[in-house]
Amino acid sequence: MKKGSWDEAVARLRGLLPLLKEHDEAKDIQQSKKAVLERYQPIFSLPAVKYLKEDDFTSFLDFENNRHWTGLARKKGFILKEFDKLRGTLGLLVDEEQPLIERLDIIYEDKRYKVTGLGRAVITAILTVVFPDRYGVWNGKSERGMKKLGIFPEFDRGESFGGRYAKFNRVLHLLKDELGLDLWTLDILWH
């Protein structure tokens with residue numbers, strides 16, 4: 001990433017900051033953060049996730065409950081077909097005893113953990129809710145935003161999902177630090 005691209009991207013995002021206070025949807029997402037975290041952190045945390053109920057999971061996928069992401073419910077039917085497997089997969093996802101890259105690679109590559117329909121948008125939204133200071137969301141909007149600004153990270157040929165997400169998340173952290181935001185609020189700017 002070129003220095004000029006980075007500085008221009010930060011300047012453009014900084015120019016959007018007033019919208020966080022002026023735009024009704026952005027204000028609603030920001031004001032909902034505490035309630036969403038209070039509701040879903042306990043559900044998705046270890047060891048509670050192994051007792052996850054289908055209704056709790058599906059409620060998180062719906063925008064009216066997560067108050068942030070509109071497209072998470074798209075693959076709900078596929079995910080629910082493997083709900084018992086999903087509990088184990090989410091248990092691995094939120095297990096901070098193991099390195100993030102390894103966890104994500106297992107979830108994406110190991111048949112014992114790979115759940116049809118459980119893609120990066122849902123996985124990273126759950127990570128953001130459980131660990132809001134560590135992980136940001138990688139979805140279509142955040143990817144398009146980074147690409148448009150010329151700050152999307154470069155990946156090595158054949159690089160695993162875990163490695164790619166680690167690079168993506170590093171850029172999110174650099175942006176949040178540069179802009180003085182948290183990862184939840186930074187994600188609003190991509191809208």
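Scroll up to find the structure this text is about.
Residues numbered from 1 in each chain as written. Predicted model: local features only at pLDDT ≥ 70, side-chain atom pairs only at ≥ 80, totals over all residues. Heavy atoms only, no water.

Draft legend 1. Quick peek at the overall build of the protein chain. Counting its secondary structure elements, the protein chain contains 12 helices and zero strands. Along the chain direction, N to C, the helices and strands of the protein chain fall in the order α-α-α-α-α-α-α-α-α-α-α-α. Against the 2.2 N^0.38 benchmark of 16 Å for 191 residues, the protein chain shows a C-alpha radius of gyration of 17 Å, consistent with a compact globule. By principal-axis analysis of the C-alpha atoms, the protein chain measures approximately 45 × 40 × 30 Å. Out of the 191 residues in the protein chain, the part that is buried amounts to 49%. A separation threshold of at least 6 residues defines the contact pool for the protein chain, and within that pool the share at least 24 residues apart is 66%. (Helix = DSSP H or I, 4+ residues; strand = E, 2+ residues; numbered from the N terminus. Rg over C-alpha atoms; globule rule 2.2 N^0.38 Å. Buried < 20%, exposed > 50% of the residue type's maximum accessible area, 1.4 Å probe, protein only. Contact = heavy atoms within 4.5 Å.)

Draft legend 2. Here's a closer look at the nonpolar core. Counting 60 residues, the largest nonpolar core has F44, F57, F60, L90, L93, I126 and L175 as the members making the most contacts within it. For L90, the contacting residues outside a window of four places in its chain are F44, V49, L52, F57 and I126. (Core = buried A, V, L, I, M, F, W, Y, C linked by side-chain atoms within 4.5 Å.)

Draft legend 3. Looking closely at the environment of A73. Relative to the assigned elements, A73 resides in the loop between α5 (63–66) and α6 (76–80). Once the C-alpha coordinates of A73 and A48 are considered, the two residues, 25 residues apart in sequence, prove to be 22 Å apart. Contacts of A73, omitting those with residues within four sequence positions, involve L61 and D62.

Draft legend 4. Seen up close, the packing of helix α8 (residues 100–109) against helix α9 (residues 120–130). In the contact formed by α8 and α9, the axes pass within 12 Å of each other and the chain directions differ by 145°. Considering only the axes of α8 and α9, their crossing is right-handed. In this structure, α8 uses L100, L104, I107 and Y108 to contact α9, whose residues at the interface are R120, I123 and L127. Looking at the contact of α8 with α9 residue by residue, the class counts come to six nonpolar, no polar and one charged. (Axes fitted to C-alpha atoms, helices over the stretch in contact; angles between N-to-C directions. Left-handed = near helix turned anticlockwise from the far one by under 90°. Nonpolar A, V, L, I, M, F, W, Y, C, P; charged D, E, K, R; others polar.)

Draft legend 5. Local environment of the side chain of K176. On the secondary structure map, K176 appears in helix α11 (residues 161–179). Judged by relative accessible area, which is 16%, K176 ranks as buried.

Draft legend 6. Representation of the environment of L104 in the model. Of note, L104 is situated in helix α8. The buried category is assigned to L104, whose relative accessible area is 0%. Residues L104 and I29, spaced 75 residues apart in sequence, show a C-alpha to C-alpha distance of 27 Å. In this structure, L104 is in contact with L93, I123, F161, G162 and Y165, ignoring residues within four places of it in sequence.

Draft legend 7. Just the pattern of salt bridges, in detail. Under the counting rule described, the total for this entry stands at 15 salt bridges. With a shortest N-O distance of 2.5 Å, D110 and R112 are connected by a salt bridge. Judged by relative accessible area, R112 falls into the exposed class, the value being 62%. A network of salt bridges, in which partner residues are shared, links E96, R103 and R134. (Salt bridge = Lys/Arg side-chain N within 4 Å of Asp/Glu carboxyl O.)

Draft legend 8. Local environment of the packing of helix α3 (residues 24–44) against α9. For the pair α3 and α9, interaxial distance at closest approach is 8 Å and the crossing angle is 105°. One element, α3, and the other, α9, form an angle in the roughly perpendicular class. Between α3, through V36, L37, Y40, Q41 and F44, and α9, the contact on the second element is made entirely by I126, T128, V129 and V130. Residues that form the contact of α3 with α9 fall into these classes: seven nonpolar, two polar and no charged. (Parallel < 35°, antiparallel > 145°, perpendicular 65-115°, else oblique.)

Draft legend 9. Layout of the packing of aromatic side chains. Within the structure shown, the criterion is met by 17 aromatic pairs. Relative to W184, the ring of W69 lies with its centre 5.4 Å away and its plane at 70°, an arrangement referred to as edge-to-face. One end of the pair, W69, is in the loop between α5 and α6; the other, W184, is in helix α12 (residues 183–189), and 115 residues separate them in sequence. No difference in accessibility class separates W69 from W184, as the two residues are buried. Arranged with centres 4.1 Å apart and planes meeting at 20°, the rings of Y108 and F161 form a pair that is stacked. (Phe/Tyr/Trp six-rings, centres within 6.5 Å; stacked < 30°, edge-to-face > 60°.)

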